[in-house]
Amino acid sequence: MPKFLIQATYTPDGAKGLLKEGASGRRAAVDRVVSDLGGNIEAMYFAFGEDDLVCIIDFPDAVSMAAVSLTVKASGALHTRATPLLTLDEIDKAARRQVTFRAPGT
């Protein structure tokens, strides 16, 4: 199942919601969204600094991840980045795949 690294920063309204319902309340909400689309949360951590929240989430496909991303961003409560994660085996397969490429200007 594809894995995604999610990095999120709360907006002021999102931070107010977090203060109101707590981290466990947000975990339950994320669990619900992810499991409804056939995924699961591998890890979820709150942080401080550039990101407020970091997750590793498994989804059945990229379309499911995109659906969650669009819905979360539309809420205005978070700014998010989703990065697809690849296994070592997937990178090994990519490294063995032949690619015909000409650099610009050559």
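None of the values given here were measured: they were computed from a predicted structure. (Residues numbered from 1 in each chain as written. Predicted model: local features only at pLDDT ≥ 70, side-chain atom pairs only at ≥ 80, totals over all residues. Heavy atoms only, no water.)

(A) Geometry of the pattern of salt bridges. If you walk through the whole model with that rule in mind, you get seven salt bridges. Here Lys93 ties to Asp89 by a salt bridge, and the two come within 3.5 Å at their closest N and O atoms. In this pair, Lys93 and Asp89 both sit in helix H3 (residues 88-96), four residues apart, roughly one turn of the helix. Among the charged side chains, a salt-bridge network with shared partners connects Lys3, Glu42 and Asp58. (Salt bridge = Lys/Arg side-chain N within 4 Å of Asp/Glu carboxyl O. Helix = DSSP H or I, 4+ residues; strand = E, 2+ residues; numbered from the N terminus.)

(B) Looking closely at the side chain of Thr80. For Thr80, the position within the fold is in strand E4 (residues 78-85). Contacts of Thr80, omitting those with residues within four sequence positions, involve Gln7, Ala8, Ser69, Val72 and Lys73. (Contact = heavy atoms within 4.5 Å.)

(C) Inspection of the nonpolar core at higher detail. By size, the foremost hydrophobic cluster in this structure holds 15 residues, and its most contacted members are Ile57 and Phe59. With sequence-adjacent residues up to four places away left out, Phe59 is seen in contact with Met1, Pro2, Phe4, Val34, Leu37, Gly39, Ser64, Met65 and Val68. (Core = buried A, V, L, I, M, F, W, Y, C linked by side-chain atoms within 4.5 Å. Buried < 20%, exposed > 50% of the residue type's maximum accessible area, 1.4 Å probe, protein only.)

(D) Examining the packing of aromatic side chains more closely. In the structure shown here, the tally under the stated rule is one aromatic pair. With 6.5 Å between their ring centres and 55° between their planes, Phe4 and Phe59 make a pair best called tilted. Placement of the pair is Phe4 in strand E1 (residues 3-10) and Phe59 in the loop between strand E3 (53-58) and helix H2 (62-75), with a sequence separation of 55 residues. A single burial state applies to Phe4 and to Phe59, both of which are buried. (Phe/Tyr/Trp six-rings, centres within 6.5 Å; stacked < 30°, edge-to-face > 60°.)

(E) Just the sheet that holds E4, in detail. Strand order in this open sheet of four strands is E2-E3-E1-E4, and the pairing throughout is antiparallel. Edge positions in the open sheet fall to strand E2 (40-46) and E4, since each of these has one partner strand only. Adjacent strand axes in the sheet meet at a mean angle of 15°, parallel and antiparallel pairs treated alike. Judged from the eight bridges that link them, E1 and E4 form a sheet pairing that is antiparallel. Counterpart to Thr9 in the pairing with E4 is His79. (Pairing = 2+ DSSP bridges. Axes fitted to C-alpha atoms, helices over the stretch in contact; angles between N-to-C directions.)

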